[in-house]
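Residue-level structure breakdown
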Amino acid sequence: EIRQAVEDKQRAFRAWKAGQRPRDKNHHLVISRKLTTVNLRKLCRIEAAKNREQQRQEILDARAGDDQMFYKLINRQRGKLKFCVNELHVGTRVYDSNSGILAGWHEHFKGLATPADNPSFDEEYRRLVEMELSEIRDLCDESSTLTSRITTGQVRKAISSLNKGKAADFYGLTAEHFIHGGEALLRVLTGIVNALYEHGKLTESLKVGVVTPVFKKKGLATEAKNYRGITILPTITKILETVLRQKIGPAVAESQNSLQRGFTRNSSPMNCSLILEEVVREYKDTRQPLFVAFLDAKSAFDVVSHSSLLRKLFHLGIGGAEWSLVHSLHEGAESVVKWEGSISDVFHVQQGVRQGGILSTDLYKLYIDGLLDRLSSSGDGCFVGEICCVAPAACDDVAVMSPSLDVLQKLISTAVDYSRMERYLLQPAKSVILAFHQHCGRRVQETDISILMGEEVMPVVKEAMHMGILRSEDSQESAVAYNIDKARRTVYSLMSAGFHGHNGLDPETSVHLLQTYVMPILVYGLEVVFPRKVLLERLERFLRKMLKLIFSLPDTVAEPAVYVLSGLIPVEGIIHARALSIFGNICRLQADSVEQRLARRQLSVKSLNSNSWFICIKKLLIQYDLPQATELLDNPPSKYRWKTLVKKRIDEYWLDQMRHKAKLYSSLRFLHSEAYEPGRIHPLIQGVVGVRDVARIQTKLRLVTGTYVL
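Basis of the calculations
Residues numbered from 1 in each chain as written. Predicted model: local features only at pLDDT ≥ 70, side-chain atom pairs only at ≥ 80, totals over all residues. Heavy atoms only, no water. Helix = DSSP H or I, 4+ residues; strand = E, 2+ residues; numbered from the N terminus. Buried < 20%, exposed > 50% of the residue type's maximum accessible area, 1.4 Å probe, protein only. Contact = heavy atoms within 4.5 Å. Areas by Shrake-Rupley, 256 points an atom, 1.4 Å probe, with all protein chains shown as cover. Lys, Arg positive; Asp, Glu negative; His and termini not counted. Charge placed at Lys NZ, Arg CZ, Asp CG, Glu CD. Pairing = 2+ DSSP bridges. Phe/Tyr/Trp six-rings, centres within 6.5 Å; stacked < 30°, edge-to-face > 60°. Polar contact = N/O pair within 3.5 Å; in protein donor to acceptor, adjacent residues only side chain to side chain. Patch = residues over 30% accessible without salt bridge, like charges linked within 9 Å, V, L, I, M, F, W, Y side chains within 5 Å. Salt bridge = Lys/Arg side-chain N within 4 Å of Asp/Glu carboxyl O. Core = buried A, V, L, I, M, F, W, Y, C linked by side-chain atoms within 4.5 Å. Axes fitted to C-alpha atoms, helices over the stretch in contact; angles between N-to-C directions. Expected span 1.5 Å × (residues − 1).

**A short note on the overall build of the protein**
- Scanning the protein from terminus to terminus reveals 25 helices and 18 strands.
- When the backbone C-alpha atoms are referred to their principal axes, the protein occupies close to 95 × 70 × 60 Å.
- Looking at the 710 residues of the protein, the share that counts as buried comes to 50%.
- Long-range contacts, defined as pairs at least 24 residues apart, comprise 74% of the intrachain contacts of the protein with a sequence gap of at least 6.
- When the accessible surface of the protein is split by element, carbon and sulfur atoms take 51% of a total near 34700 Å².
- Separation of charge centres in the protein, based on 96 positive and 80 negative side chains, amounts to 9 Å.

Structure follows, in structure tokens:
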């Protein structure tokens, strides 16, 4: 029909042109041209509406039967930001063609993989490391005989742990090829792994990685420095690294500094943020100033010195075949860059641990652990009682804390000295200082804070991002404002997928999208900062506004209605559940961990008037009728049991709250609030099978909430 309408419009235009282009509105040629145009636009709008309806019907069908297809369709429709790079800036050079951009990526990552000399680096230390490494290599070569063979069970376990659905390696192989390869392939792989152990070396073909640039979502998308390179190693190499990690991983975990919380069993990067938060609250209780320096290492993973790393690995107790294999993994390693389906030339990787490798996080933690040991053993910095909290870290993200500027300068100098020995650079422009002194009587002026990093002064800021939480003197205020802004942008990106109530997706699907995409962003990190009541109300207003949008309800609708219909609990309850989940993880940590020592100390020393995070947890346990904190620390429940108990008690609490509030509104007398159950959507909006049912549901919701106006 559209094709026919286009032809009609073209004929009408030619006839109008042949008739000397009349201007009279009543002329039959002008009228014919106008009518054909109107008809064409009408048909285009009808077709566009049909396409939208079909796409949303596909989303409805997929949600009911195929989760993978559902999220695929949503991501296709949500208007996800695509970084179309038409030119690439690498240093001072600009690349502006497809082949040129690929060459630019090659130059950028080759530069990162090549050691650069810096006058500040400690060359004498490097010389000593190289001498020691030569002796270590000889020792490991002599003792690299395989004491016990790798079993098929170990290889099977390694294969099953590989992540599925990932991109293919340089040879086009994925984890699925090996997972479904059968017993014959398993026996062959076991033989290959044992042969590699016996020789202590890898073939050159097993060292070729494929680097994919991934935008950090910071700065300009045309700047190469704003991308990190994620390397896809050959799948056989991944299997070998997984086998090696069975021995190297526990050794690193046992020796790592207690302040290192990144990629640690039963812990998470949020624990790092929790330690910082507890120190801030402790110094607020004691009314002392606190200064925090957030250190930023330039391309931290990409500039690791192989010599220093291998030396540290040997001193960790990893020798023989394992050490030789790790050495071989890095010696003569090569990579190519993949961009827009094209592959660059090969370049040698002479430094760094490959982001995306199985062993990379363990090796980097080993590499940086010396800095945390030095800072902890200095006896300076922040303490909570006798517990050292000078520098909580999550891999390369280190926050150095001190109540004194002089001591902070000493700690920063220690970090700079370590970086010069280990041949990486700390960036003075991106490493910032944040002062917490609003709560103490004497306020330090920003101009009085002058901390040197090398020869440059570190900037003093009012806000700084740490572990995804926007920190400031009032971290509750800044974190809530940042989360709401980010959640609002996420909502906007979902609108093209039909997340807008009227003429959009059905309410049940929209609530599912809200829980999947928006809520994790809205409450991220708030379980650590614990927003005060007025900030919680801001979060609640945002959530209620989104739910009213989904249900096409006016702003005047009674507040309990949106919770009863959606099956959600208030944001306050969600934050409490996340906080109690973190406390459950702390209870399962080792007794000598920083978090558990802090918990025991604060719970035994602090009163209920304290600002301590653990006192907030103590109040939550009372509020939700859960076991006492000390009882949980002494007899920690399993993760599943604790999460189940917490969910049950929180749901029961808010169930009573919502049902009680709903009864106070006469406009909700037809809503049947007794059907409210956290986690389950109201029966009134369940079972939508077609997009045409959405308009009917909106009318029903207005009727039962008393907002339908005749």
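From this point, things continue past the structure.
**Brief notes about the side chain of His327**
- Mapping His327 onto the fold places it in helix H12 (residues 320–330).
- Among all residues touching His327, those that are not within four sequence positions of it are Arg137 and Leu310.

**A look at the pairing of strand S13 (residues 432–436)**
- Extensive coverage of S13 is indicated by the burial of five of its five residues.
- A two-sided burial pattern is seen for S13, the buried positions comprising Val432, Leu434 and Phe436 on one face and Ile433 and Ala435 on the other.
- Direction of pairing for strand S5 (residues 290–295) relative to S13: antiparallel, over a ladder of five bridges. Bridging from a neighbouring strand, Ala293 pairs with Ile433 of S13.

**A closer look at the packing of aromatic side chains**
- Under the criterion given, the structure shown has 13 aromatic pairs.
- Taking the centre distance of 4.4 Å and the plane angle of 15° together, the rings of Phe301 and Tyr364 count as stacked. Note that Phe301 is positioned in the loop between S5 and helix H11 (306–315) and Tyr364 in helix H13 (residues 360–377), a separation of 63 residues in sequence.
- A residue is classified by how much of its surface remains accessible, and Phe301, at 12% relative accessible area, is buried.
- Relative accessible area serves as the criterion here: at 2%, Tyr364 is assigned to the buried category.
- Their ring planes at 85° and their centres at 5.1 Å tell us that Tyr653 and Trp654 sit as a pair that is edge-to-face.
- For Tyr653, a relative accessible area of 27% gives the class partly exposed.

**Some remarks on the environment of Tyr418**
- Within the secondary structure, Tyr418 sits in helix H14 (residues 405–422).
- For Tyr418, a relative accessible area of 2% translates into the label buried.
- It is 9.8 Å that separates the C-alpha atoms of Tyr418 and Phe121, two residues lying 297 residues apart in sequence.
- Here the side chain of Tyr418 touches Lys312 through a polar contact of 3.3 Å, side chain to side chain.

**Here we look at a positive patch on the surface**
- Together, Lys216, Lys218, Lys225, Arg228, Lys298 and Lys430 make up a region of like positive charge exposed at the surface.
- Locating Lys430 in the fold gives a position in the loop between H14 and S13.
- By relative accessible area, Lys430 is classed as exposed at 52%.

**Comments concerning unusual backbone geometry**
- In this model, Arg21 sits at a positive phi of 50°, which is unusual for a non-glycine residue.
- Relative to the helices and strands, Arg21 is located in the loop between helix H1 (2–18) and helix H2 (28–65).
- At Ser299, a position not held by glycine, the phi torsion is positive, near 50°.
- In this fold, Ser299 is placed in the loop between S5 and H11.

**Comments concerning the nonpolar core**
- In this structure, Leu514, Phe551, Leu580, Phe583 and Trp613 are the most contacted members of the largest nonpolar core, which totals 173 residues.
- Among the nonpolar cores identified, the runner-up in size contains 19 residues, and Trp105, Ala113, Ala224 and Val337 belong to it.

**Looking at the pattern of salt bridges**
- Taken as a whole and judged by the stated rule, the model has 33 salt bridges.
- Close ionic contact of Glu277 with Arg281 constitutes a salt bridge, the shortest N to O distance being 2.7 Å. Taken as a pair, Glu277 and Arg281 lie in helix H10 (residues 269–285) at a separation of four residues, close to a single helical turn. In this structure, Glu277 and Arg281 share a single accessibility class: buried.
- Arg601 is the salt-bridge partner of Glu282, the closest N and O atoms lying 3.8 Å from each other. Taken together, the positions of Glu282 in helix H10 and Arg601 in helix H21 (residues 594–605) put the pair 319 residues apart, joining distant regions of the chain.
- Exposure remark for Glu282: the relative accessible area of 8% places this residue in the buried category.
- Linked by salt bridges that have partners in common, Asp117, Glu123, Arg126 and Arg423 make up one network.

**Looking at the sheet that holds strand S11 (residues 393–394)**
- Spatial strand order, S11-S12-S5-S13-S16: five strands in an open sheet with mixed pairing. A single partner strand is all that each edge strand has here, and the edge strands are S11 and strand S16 (460–461).
- Looking at chain direction, S11 and strand S12 (residues 397–402) are connected through two bridges and run antiparallel. Of the residues in S12, the one forming a bridge with Ala393 is Val398.
- Contacting S5, S11, S12 and S13, H10 runs over the sheet at an angle of about 160° to S5.

**Digging into the pairing of strand S17 (residues 463–466)**
- Burial of the side chains of S17 is restricted to one face: Ala464 and His466 are buried, whereas none of Glu463 and Met465 on the reverse face is.
- Relative to strand S18 (residues 469–472), S17 runs antiparallel, the two being bridged by four bridges. If you follow Ala464 over to S18, its bridge partner there is Arg471.
- Here S17 folds back onto S18, and the loop between the two strands holds two residues, one of which, Met467, carries a positive phi near 55°.

**Overview of helix H15 (residues 475–494)**
- With 20 residues, H15 extends 28 Å between its outermost C-alpha atoms, agreeing within 8% with the 28 Å of an ideal straight helix rising 1.5 Å per residue.
- Of the residues making up H15, those classed as buried are Ser475, Gln476, Ser478, Ala479, Val480, Asn483, Ile484, Ala487, Thr490, Val491, Ser493 and Leu494.

Shape is all these values report; function is a separate question.
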